[in-house]
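Reading the structure
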Amino acid sequence: MLGLGADRLWADMNRLLALLFHQGVLDEQFVQLQQLQDESSPNFVCEVVTIYFHESEKLLKNLRGLLMEREFSDYKKMGIHLNQFMGSSSSIGAKRVRNVCVAFRAASEQNNRAGCLRALELLEHEYCYLKNKLHELFHIEQQRLLAAGVRYPMQN
Amino acid sequence: MGMSMESQFHVLAVDDSIIDRKLIERLLKTSSYQVTTVDSGTKALEFLGLHEDDQSNTETPSVSPNNHQEVDVNLIITDYCMPGMTGYDLLRKIKESSSLRDIPVVIMSSENVPSRISRCLEEGAEEFFLKPVRLSDVNRLRPHMMKTKLKDPKQDNEENKEESGKPVSRSLEEKEEQQQQHQQQQLHRLPQQQHSNSNKRKALEEGLSPDRTRPRYNGLTTVV
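Keep in mind it's a predicted model, so treat the numbers as computed, not measured. Every chain's residues receive numbers from 1 upward, in the order its sequence appears when written. Naming scheme: in the order in which they are written, chains are lettered from A and ligands are numbered from 1. At least 70 in pLDDT is required for a residue's local features to be given in this predicted model, at least 80 for side-chain atom pairs to be given and counted, and no such filter applies to totals for whole chains, interfaces and linings, which use all residues. The basis for every side-chain value is the complete set of non-hydrogen atoms in the structure, without hydrogens or water.

Right, let's talk about the overall build of chain B for a bit. Each helix and strand in chain B was counted, giving seven helices and five strands. Overall, chain B shows an N-to-C arrangement of helices and strands of β-α-β-α-β-α-β-α-β-α-α-α. Considering only contacts within chain B whose residues lie at least 6 apart along the sequence, 66% involve residues at least 24 apart. Every helix listed is a DSSP run of H or I at least four residues long, and every strand listed is a run of E at least two residues long, numbered separately from the N terminus. Contacts between residues were defined by any pair of non-hydrogen atoms, one from each residue, lying within 4.5 Å.

UniProt positions are given in the numbering used here, feature names are shortened, and annotations may be inferred rather than shown by experiment. Here the UniProt-annotated "modified residue: 4-aspartylphosphate" (unreviewed entry) positions come out as Asp79 of chain B. Examined against the element boundaries, Asp79 of chain B turns out to sit in strand β3 (residues 75–79).

Our focus in this paragraph is the packing of helix α2 (residues 41–48) of chain B against helix α3 (residues 87–96) of chain B. All names here are of chain B. Between α2 and α3, the shortest axis-to-axis distance is 10 Å and the interhelical angle comes to 25 degrees. Taken as axis vectors, α2 and α3 run roughly parallel relative to one another. In terms of crossing hand, the pair formed by α2 and α3 is right-handed. In contact with Gly41, Ala44, Leu45 and Leu48 of α2, α3 contributes Leu90, Lys93 and Ile94. To obtain each axis, a line is fitted to C-alpha atoms, and for helices this fit is confined to the stretch in contact; angles are then taken between N-to-C directions over 0 to 180 degrees. Should an angle lie under 35 degrees it is considered roughly parallel, over 145 roughly antiparallel, and from 65 to 115 roughly perpendicular; all remaining angles are considered oblique. Should the near helix be turned counterclockwise from the far one by less than a right angle, the crossing is left-handed, whereas a clockwise turn marks it as right-handed.

Okay, the packing of aromatic side chains next. By convention, a stacked pair of Phe, Tyr or Trp rings (six-membered ring in the case of Trp) has centres within 6.5 Å and planes under 30 degrees apart, an edge-to-face pair has planes over 60 apart, and any other such pair is tilted. If you walk through the whole model with that rule in mind, you get six aromatic pairs over all chains. When the centroid spacing of 6.4 Å and the interplanar angle of 55 degrees are considered together, the rings of Tyr52 of chain A and Tyr127 of chain A count as tilted. Placement of Tyr52 of chain A in helix α3 (residues 44–68) and of Tyr127 of chain A in helix α6 (residues 113–147) is noted, with a sequence separation of 75 residues between them. For every residue, the accessible area obtained with a 1.4 Å probe (protein chains only) is divided by the maximum for its type, and the residue is called buried under 20%, exposed over 50%, and partly exposed between those limits. Residue Tyr52 of chain A is classed as buried on the basis of its relative accessible area, which comes to 0%. Ring pairs connect the aromatic residues Tyr52, Phe53, Phe85 and Tyr127 of chain A, which therefore count as one cluster. Only when the NZ of Lys or the CZ of Arg is both within 6 Å of the ring centre and within 35 degrees of the ring normal is a charge said to sit over the ring. In this arrangement the basic side chain of Lys131 of chain A is found over the ring face of Phe53 of chain A, its NZ or CZ atom lying 5.5 Å from the centre. Between Arg119 of chain B and the ring centre of Tyr88 of chain B, over which it is positioned, the NZ or CZ distance is 4.6 Å.

This is the structure we're talking about:
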């Protein structure tokens, strides 16, 4: 019975991954991360993604803070945050988030505040979606490991 | 930094992004390298034991005295875009230093800017990797590290003592045979790859290099 549960969860996980690749939410770089995970580093993907979440939320907060300023003009600073966000998103394979950053940066380079605000909304939305899906993925993975009888430390 | 019983290649990775540091560390460890990561060029120079007053050091380039302040680093891989000291600045400082200039340096960047790439290669960088860096990129590092390590071609685990300024000249076939053996150990998950020592201009030769199978320009505007 345990074996069957693990198999079904495995299928669920792969289906979710396939969906995310199909939607362009994740790209090949995410696969690279998975390939770097092994017995010597069994939680690698989760660790990296957790760091990504922390960094991203800081950056989003900074971006929103900048744009909410009444006398906002520091597009350069915004560009710096965006470059960081772009880089880290690219490094984990978060393709759609990264692409929104590119558009956001273009608006920023044109000093287009309204465009930046729209881009920020979209960015927050995409990031939220990504985070939810990745949490779902990790959750299924944890369930699968439990079902398969493997003891791994829980990741928050 | 850990000291291993056997001599491993020791790579110093420099990147201000914590995610990229984690990634490069994992990539390098997977390839059995000893890794030290720092988050700035300044810290890299500190780690390398280079201080401003060492610029006039007249020791021969190959000697790296093994006192407790200096460490053996076989390769430095650094991000280009960093606040303060850029990767290019770091590269220059290393090449200007008589004690460090023989350490191979590799630059990483998330942007494909040909003029930037040329500048780095001209300044002495061995390779220029586009981010995100992958295992196939890291597999290109070994020959650069081997060039500066003087040892019997049959033994891989000699201590890193450089006895003269000139590397032992080995035939290209012998070198490639060595590389293949190392690659077979490392690439148990990936298809066998051949790489030529002269293929430095990775980003510029997009489409020509045989191991370039994935699209690189994911929405980035290509500057030609």
